[in-house]
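# Per-entry structural report
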Amino acid sequence: MASMNMIQALNNALDITLASDPDTLVFGEDVGYFGGVFRVTDKLQEKHGLTRCFDAPISEGGIIAAAIGMGAYGLRPVVEIQFADYILPAFDQLVSEAARLRYRSNGEFWAPLTVRSPYGGGIFGGQTHSQSPEAIFAHITGLKTVIPSNPYDAKGLLISAIECDDPVVFLEPKRLYNGPFEGRPDQAMKTWAGHKDAEVPEGHYTVPLGRAAITRPGNEVTVLAYGTMVHVALSAIEESGLDAELIDLRSIVPLDIDTIVASVKKTGRCVIVHEASRFGGFGGELSALIQERCFYHLKAPIGRVCGWDTPYPHAFEWDYFPGPARIIRALNSAMEN
Amino acid sequence: MPDDKRLQLHIPKPQARPGEPVNFDGLIVPEAGSVRRPEPLGCEADMRDMPFSLVRVLDENDCAVGPWAPDISTDVLRKGLRAMLLTRLFDDKLFRLQRQGKTSFYMKSTGEEAIGAAQSLMLGQGDMCFPTYRVLGWLMARDYPLINLVHQIFSNEKDPLKGRQLPVLYSAREYGFYSLSGNLGSRFGHAVGWAMASAYKNDDKIALGYVGEGTTAEGDFHEALTFAGVYRAPAILCVTNNQWAISTFAGIANPRDTTFAAKAIGYGIPGLRVDGNDFLAVCAATQWAAERAHANLGSTLIEFFTYRAAGHSTSDDPTKYRPIDEPVHWPLGDPILRLKAHLTVIGEWDEARHDALTAELTEAINAAVREGEAVGTLGKSKPSVAEMFEGVFKEPDWRVIEQRQELGKELGL
């Protein structure tokens, strides 16, 4: 065991995979010599060689197209899109090609690529370094979408994603790279040091895709979250004094529907929390699934705490960001009914 | 503002639209054999004149002339003729069946058969073709079973793609033929990535990618060429310039005084411009580019200058947007007739053999169609509906399983 922050854990996952699987390679903008703008690929080129980890042109569509072709050949590429905000030029490649190749060719070709991308807000990144586009991937049949919330999961989920024979969009909450964040920007920054989920085995292990974690067991209300919002929600629950059950989804496709349904049937109340804007967000899908499956167990309307339906603002970051106060209000509202 | 200071927006127009006289006057066709053949392993910077010429081998007497005349056995030439003729006859038959309501959609390769057929015969079994929908000649040259094509076009119970794809969007991995899609250009970068993977693994396989001239305007084309140039991907990247993108003439994708092959110059890879209706020129250019790729010198961009003699698909009528007689005035002729004439001139073919071959291929096509019809045409037969839910992921997730059961109940299965 070693104490790692999320960057180190992700770097370690790539390092282990590059060492054990010669068909894995890593490329993306600034990932080679420099080691990535967030240092996730630090020293991988030096250690594994130029062809195993290299720089790519500023061409998100080109990067993912090349990775699909490599996957069709038989490699297992891991590419980095520098910010999830910049993934849209590659959207056609993900939607029309990666997600459908296996289906349309009746299994003759497939695209076992992993697309890593720093995502989410809380870093004063403005509109182009803060967005949470997970719902648009979840909507695409044939893609898997994974969002870790801590170093242990980040490493285990990334290894699972790389070993998976389906295309995986792996969204890394960049606000969590260096420490957990409770959504209280006025408080001192925390590091991962001493956090139980920062204790990371140094060897190979996996966290399966499609299995949620119960971060905090409870009986009064279920809270569904992923990524940065797991920490924000936990902090809000503690402040509220409620006996809430917090579920960290870890991947939204595949979705661990059984864990969600069991919890909501137990508590009868549910609050969904995500950074992404509300309308058409993944919370809408979660809410629909819960009412389809748990309607007669519900004691209160399902609550959603989300970013507002505006572009991600700069000066108003903390007015936009769904912080603990907003979550507590939603929890209390769920309890009033 | 004075009138002479006012700007004018330029919208290009083709030489002729329906009712106007066909006009190919601006088209410069150099004599066969007149264009130089650079050393294949030479420096790209010394080849930048090539995109502005037109490599041609067959002259007006149907003889192979000049430095590009390839050393190809007559057996291979006859195989090429057979593949082209089979493509032409198959297209004509299946197009008619679409008109009879036996399938929803069809696309012909008419006039462009030399390209897929010649390249298929020039490249190796392990190489991978990333086709457009007008490269049926590749499969025909490799003896892909006609019955598989027919079943796919009918989307019937024996469709190798299980009813999931529009007709003619084939996939045939064992024949080096990558999965087609109706999106244009989105596989060009896959060809480059596949070629990069071959180089990464120190393999000896190369990739062949295609787009049409209209698709060179897509970002995918430029992204793929950037990667091809930067990483020296062992790929042959082809622009099939058939003059028409549905109703849009090539001048909407490229300004008049340049060529599609010339786009290679900016990416630092050789660009060749080749008579795509000249089977021997297609062979020669492909061999040249393959030699370069195998020598680790990376990609070549080849513009095949050709003509789409039929409509875009069964869904358009070309007489509505171009002169009805434009195809017969195409100055570079018909690829099948030209190769047939060449084989005849060198004493390796004659009318009797051609008639016999036509009869044999027609019967093979008719037999395949009869077999396909016996299984069922579109709507008369289809794969098990459970196939709709297979292959979304390697292993189905709960949504797919639940929805399959939901539909099963709905259908009383």
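On a predicted model such as this, the values are computed, not experimentally measured, just so you know.

### Points about the sheet that holds strand 7 (residues 300-305) of chain B
Two orientations exist for strands paired in a sheet by backbone hydrogen bonds: parallel and antiparallel. Residues and elements named next belong to chain B. Taken in spatial order, the 5 strands of this open sheet run 1-2-3-7-6, and their pairing is parallel. Among the strands making up the open sheet, the edge pair consists of strand 1 (128-130) and strand 6 (271-275). The average angle at which neighbouring strand axes cross in this sheet is 20 degrees, direction not considered. Both strand 1 and strand 2 (residues 207-212) contribute to a ladder of 3 bridges, which runs parallel. Paired with Phe130 across the strands is Gly209, a residue of strand 2.

### Focus on the environment of Pro40(B)
Residue and element names in this part refer to chain B. Positionally, Pro40 belongs in the segment before helix 1 (74-99). As for Pro40 and Arg99, which are separated by 59 residues in sequence, their C-alpha atoms are 47 Å apart. Excluding residues that lie within four positions of it along the chain, Pro40 makes contacts with Trp288, Glu291 and Arg292.

### A look at the packing of helix 8 (residues 228-240) of chain A against helix 12 (residues 324-336) of chain A
Residue and element names in this part refer to chain A. Two numbers describe how helix 8 lies on helix 12: the axes approach to 9 Å, and their chain directions differ by 60 degrees. Accordingly, the angle class assigned to the pair helix 8 and helix 12 is oblique. In terms of crossing hand, the pair formed by helix 8 and helix 12 is right-handed. Contact with helix 8, carried on its side by Val232, Ala233, Ser235, Ala236, Glu239 and Ser240, involves Pro324, Ile327, Ile328 and Leu331 of helix 12 and no other residues of that element. Looking at side-chain class alone, the contact of helix 8 with helix 12 contains 7 nonpolar, 2 polar and 1 charged residues.

### Focus on the domain arrangement of chain B
One can read the domain layout of chain B as domain 1 (50-313 + 323-382) and domain 2 (385-413). In this structure, domain 1 of chain B and domain 2 of chain B have C-alpha centres spaced 37 Å apart.

### As for the interface of chain B and chain A
It is common to give the size of an interface as the accessible area lost on bringing the parts into contact. With 35 residues of chain B at the contact, the number on the chain A side is 35 residues. When contributions to the side of chain B that touches chain A are tallied by element, the ones reaching two or more residues are helix 5 (188-200) and helix 6 (219-230) of chain B. The biggest single contributor to the side of chain B that touches chain A is helix 5 of chain B, with 10 residues. Looking at the side of chain B that touches chain A residue by residue, the classes come out as 15 nonpolar, 13 polar and 7 charged.

### Focus: the domain arrangement of chain A
All names here are of chain A. Partitioning chain A into domains gives domain 1 (2-200) and domain 2 (213-336). Relative placement of domain 1 and domain 2: their C-alpha centres are 25 Å apart. Facing 30 residues of domain 1, the contacting portion of domain 2 comprises 28 residues. Those elements giving two or more residues to the side of domain 1 that touches domain 2 turn out to be helix 6 (134-138), strand 6 (144-146) and helix 7 (151-163). Residues that form the side of domain 1 that touches domain 2 fall into these classes: 13 nonpolar, 11 polar and 6 charged.

### Observations concerning helix 2 (residues 113-122) of chain B
For helix 2 of chain B, the buried fraction is high: 10 of the 10 residues fall into the buried class. Regarding helix 2 of chain B, the residues found buried are Glu113(B), Ala114(B), Ile115(B), Gly116(B), Ala117(B), Ala118(B), Gln119(B), Ser120(B), Leu121(B) and Met122(B).

### Observations regarding the nonpolar core
One finds Val223(A), Ala233(A) and Ala235(B) to be the most contacted residues of the largest nonpolar core, which totals 212 residues. The element best represented in this core is helix 8 (residues 279-294) of chain B, accounting for 11 residues. For Ala233(A), the contacting residues outside a window of four places in its chain are Val223(A), Ala225(A), Leu246(A), Val273(A) and Ile327(A).

### Some details on unusual backbone geometry
Residues and elements named next belong to chain A. A cis amide bond links Val253 with the next residue in sequence, Pro254, at an omega value of -5 degrees. Tracing the backbone through its elements, the reader meets Pro254 in the loop between strand 12 (251-253) and helix 9 (257-267). One non-glycine residue with positive phi stands out, namely Lys43, at about 70 degrees. By secondary structure assignment, the location of Lys43 is in the loop between strand 2 (24-28) and helix 2 (44-48). C-beta crowding within 10 Å serves as the criterion here: with 12 such atoms nearby, Lys43 is assigned to the exposed category.

### Concerning helix 8 of chain B
For helix 8 of chain B, built from 16 residues, the straight-helix expectation of 22 Å at 1.5 Å per residue is met to within 8% by its first-to-last C-alpha distance of 22 Å. Positive phi appears at Asn296(B), one or two residues downstream of helix 8 of chain B, with a value of about 70 degrees.

### Concerning the sheet that holds strand 11 (residues 244-248) of chain A
Residue and element names in this part refer to chain A. Spatially, the 5 strands line up as an open sheet ordered 9-11-10-13-14, and their pairing is mixed. Of all the strands in the sheet, just strand 9 (213-216) and strand 14 (303-307) have a single pairing partner and so form its edges. Across the sheet, the axes of successive neighbouring strands diverge by a mean angle of 25 degrees, strand direction being ignored. Contacting strand 10 (221-225), strand 13 (270-277) and strand 14, helix 10 (residues 282-294) crosses the sheet at an angle of about 160 degrees to strand 13.

Thresholds, definitions, all that
Residues numbered from 1 in each chain as written. Chains lettered and ligands numbered in written order. Predicted model: local features only at pLDDT ≥ 70, side-chain atom pairs only at ≥ 80, totals over all residues. Pairing = 2+ DSSP bridges. Helix = DSSP H or I, 4+ residues; strand = E, 2+ residues; numbered from the N terminus. Axes fitted to C-alpha atoms, helices over the stretch in contact; angles between N-to-C directions. Contact = placed C-beta atoms within 7 Å. Parallel < 35°, antiparallel > 145°, perpendicular 65-115°, else oblique. Left-handed = near helix turned anticlockwise from the far one by under 90°. Nonpolar A, V, L, I, M, F, W, Y, C, P; charged D, E, K, R; others polar. Domains from an automatic or database assignment. Buried ≥ 20, exposed ≤ 12 C-beta atoms within 10 Å, placed from the backbone. Core = buried A, V, L, I, M, F, W, Y, C linked by C-beta atoms within 7 Å. Expected span 1.5 Å × (residues − 1).

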